[in-house]
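Observations on the model geometry
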Amino acid sequence: MQVRKNDTVLVMTGDDRGKTGRVMRILTKTDRVLVQGVNMVFKHMKRSMDYPHGARIQREAPLAVGNVMLVCPACSKATRVAMVTGADGRHSRTCKKCKQAITVGEE
Ligand SMILES: [Zn+2]
């Protein structure tokens, strides 16, 4: 998976196509990501202590990681990343468009 928590991603498909948002959570098992403000759904809450009358609240629903692209913080384009091994043996995610390292020292 090329996307990490706190990355900014661009949504490629669905109603939210073209929106960008910050990755709040990665769901590795299902290859899904939770993106802030994207793929909002209404969740109906039962009556409880927090919602004495029940409630209809908007929440983000996870979307498939294949439907988002990473937005490069350096050139702010939606891009794919390459894993580059530096001279010190550490891996960095590198933007394929501007060749800037996005993060250094990862798996
Ligand atoms: Zn870039």
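Residues numbered from 1 in each chain as written. Predicted model: local features only at pLDDT ≥ 70, side-chain atom pairs only at ≥ 80, totals over all residues. Heavy atoms only, no water.

1. Observations concerning the side chain of Asp 16
- Relative to the helices and strands, Asp 16 resides in the loop between strand 1 (8-11) and strand 2 (20-27).
- Taking relative accessible area as the criterion, Asp 16 reaches 13% and is therefore assigned buried.
- Reaching out from Asp 16, the side chain makes a polar contact with the backbone nitrogen of Asn 39 at a distance of 2.4 Å.
- Sequence-distant contacts of Asp 16, defined by excluding residues within four places in its chain, comprise Val 11, Val 38, Asn 39 and Met 40. (Helix = DSSP H or I, 4+ residues; strand = E, 2+ residues; numbered from the N terminus. Buried < 20%, exposed > 50% of the residue type's maximum accessible area, 1.4 Å probe, protein only. Polar contact = N/O pair within 3.5 Å; in protein donor to acceptor, adjacent residues only side chain to side chain. Contact = heavy atoms within 4.5 Å.)

2. A look at the coordination of the zinc ion
- Surrounding the zinc ion are the protein donor atoms Cys 72 (SG), Cys 75 (SG), Cys 95 (SG) and Cys 98 (SG), at 2.2 to 2.3 Å.
- Relative to the metal, the 4 donor atoms surrounding the zinc ion lie at angles of 105 to 116 degrees, and the coordination shape comes out tetrahedral. (Donors = N, O, S within 2.8 Å, 3.2 Å for Na, K, Ca; no water. Tetrahedral: all angles 85-135°; square planar, octahedral: opposite > 155°, others 65-115°.)

3. As for the nonpolar core
- In this structure, Val 3, Val 9, Val 11, Val 23, Val 33, Val 35, Val 38, Leu 63, Val 65 and Val 68 together form the largest nonpolar core, which totals 10 residues.
- Listed by contribution, the elements that provide at least two residues to this core are strand 1 and strand 3 (32-35).
- Apart from residues lying up to four places away in sequence, Val 33 is in contact with Val 3, Arg 25, Ile 26, Pro 62, Leu 63, Val 65 and Val 68.
- In terms of nonpolar packing, the next biggest core, distinct from the first, is built from 6 residues, Leu 70, Cys 75, Val 81 and Cys 95 among them. (Core = buried A, V, L, I, M, F, W, Y, C linked by side-chain atoms within 4.5 Å.)

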